[in-house]
Amino acid sequence: MGSRASTLLREEEIEEIKKETGFSHSQITRLYSRFTSLDKGENGTLSREDFQRIPELAINPLGDRIINAFFPEGEDQVNFRGFMRTLAHFRPIEDNEKSKNPTASEPLNSRTNKLLFAFRLYDLDRDDKISRDELLQVLRMMVGVNISDEQLGSIADRTIQEADTNGDNSISFNEFIKVLEKVDVEQKMSIRFLH
Ligand SMILES: [Ca+2]
Ligand SMILES: [Ca+2]
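Residues numbered from 1 in each chain as written. Chains lettered and ligands numbered in written order. Predicted model: local features only at pLDDT ≥ 70, side-chain atom pairs only at ≥ 80, totals over all residues.

Q: Explain the environment of G167 here, please?
A: For G167, the location among the structural elements is in the loop between helix 10 (149–163) and strand 4 (171–172). Residue class for G167 comes out exposed when judged on the 7 C-beta atoms lying within 10 Å of it. Considering only alpha carbons, one finds G167 and K178, eleven residues apart in sequence, at a separation of 15 Å. (Helix = DSSP H or I, 4+ residues; strand = E, 2+ residues; numbered from the N terminus. Buried ≥ 20, exposed ≤ 12 C-beta atoms within 10 Å, placed from the backbone.)

Q: I tried to follow the environment of E11 on my own but got confused; where do I start?
A: Residue position: E11 is located in helix 1 (residues 11–21). E11 sits 14 residues away from H25 along the chain, and the two C-alpha atoms are 9.4 Å apart.

Q: Help me understand the domain arrangement of the protein in this model?
A: How big an interface is tends to be stated in terms of accessible area lost as the parts join. Domain boundaries in the protein define domain 1 (12–90) and domain 2 (106–188). Spacing between the C-alpha centres of domain 1 and domain 2 amounts to 24 Å. With ten residues of domain 1 in contact, the opposing surface of domain 2 contributes ten residues. When residues of the side of domain 1 that touches domain 2 are assigned to their parent elements, the largest contribution, three residues, is made by helix 5 (residues 63–69). Looking at the side of domain 1 that touches domain 2 residue by residue, the classes come out as five nonpolar, three polar and two charged. (Domains from an automatic or database assignment. Contact = placed C-beta atoms within 7 Å. Nonpolar A, V, L, I, M, F, W, Y, C, P; charged D, E, K, R; others polar.)

Q: How should the packing of helix 2 (residues 25–38) against helix 6 (residues 80–87) be read in this particular structure?
A: For any two helices packed against each other, the geometry is given by the interaxial angle and the distance between the axes. At their nearest, the axes of helix 2 and helix 6 sit 11 Å apart, and the two run at 120° to each other. Taken together, the axes of helix 2 and helix 6 are oblique relative to one another. You can see that helix 2 and helix 6 cross each other, and the crossing is right-handed. The residues of helix 6 that touch helix 2, namely those facing L31, Y32 and F35, are F80, F83, M84 and L87. Along the lines of polarity and charge, the residues of the contact of helix 2 with helix 6 split into seven nonpolar, no polar and no charged. (Axes fitted to C-alpha atoms, helices over the stretch in contact; angles between N-to-C directions. Parallel < 35°, antiparallel > 145°, perpendicular 65-115°, else oblique. Left-handed = near helix turned anticlockwise from the far one by under 90°.)

Q: I tried to follow the UniProt feature "domain: EF-hand" (unreviewed entry) in the protein on my own but got confused; where do I start?
A: The sites that carry the UniProt feature "domain: EF-hand" (unreviewed entry) are, in the present numbering, residues 26–61, 110–145 and 151–186. Helix and strand shares over residues 110–145 are 67% and 6% respectively, and the end C-alpha atoms of the span are 34 Å apart. With 61% helix and 6% strand, the stretch residues 151–186 has end C-alpha atoms that lie 30 Å from each other. (UniProt positions renumbered as here; feature names shortened; annotations may be inferred.)

Have a look at this one:
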């Protein structure tokens, strides 16, 4: 495969990505050129190192976790399709999507899918529960070194106590949703992409 061929995006592929992710044609082609500029190996996929060159991720305390979310389990490369599927979680919900037919399949950028994405940033072992330990790890990444382990521990305990309604000492996805019921997740988890 020549590298020239991999720099072109076929029309059919754009249409498929449009359907799957809700991005517009021009957003897809712009994000594709961003993708290819990050693709230093010029093999049509991104590695973790490629992602680390994105400044917004490099400075984000959860950057490594977010990067991880782009990779299917056990893989260390992501293609453009997979890249777009993950990015779609951050696509703002447009007004005309809010009143959508409820029987249609849930779009990737719906509130529930945004929350699920956030939940998985915590749930490192993917057992569908956030344990005290997993919560502590994320808290530590977010607050830096100014807070003692003891204080962090009590924040984690309190958070779990408040969220945990079935008493298993961990936070399930449903419990997570309830905690964030009043939080404007749509706003917080949206990135304004280029138009
Ligand atoms: Ca877990
Ligand atoms: Ca629980």
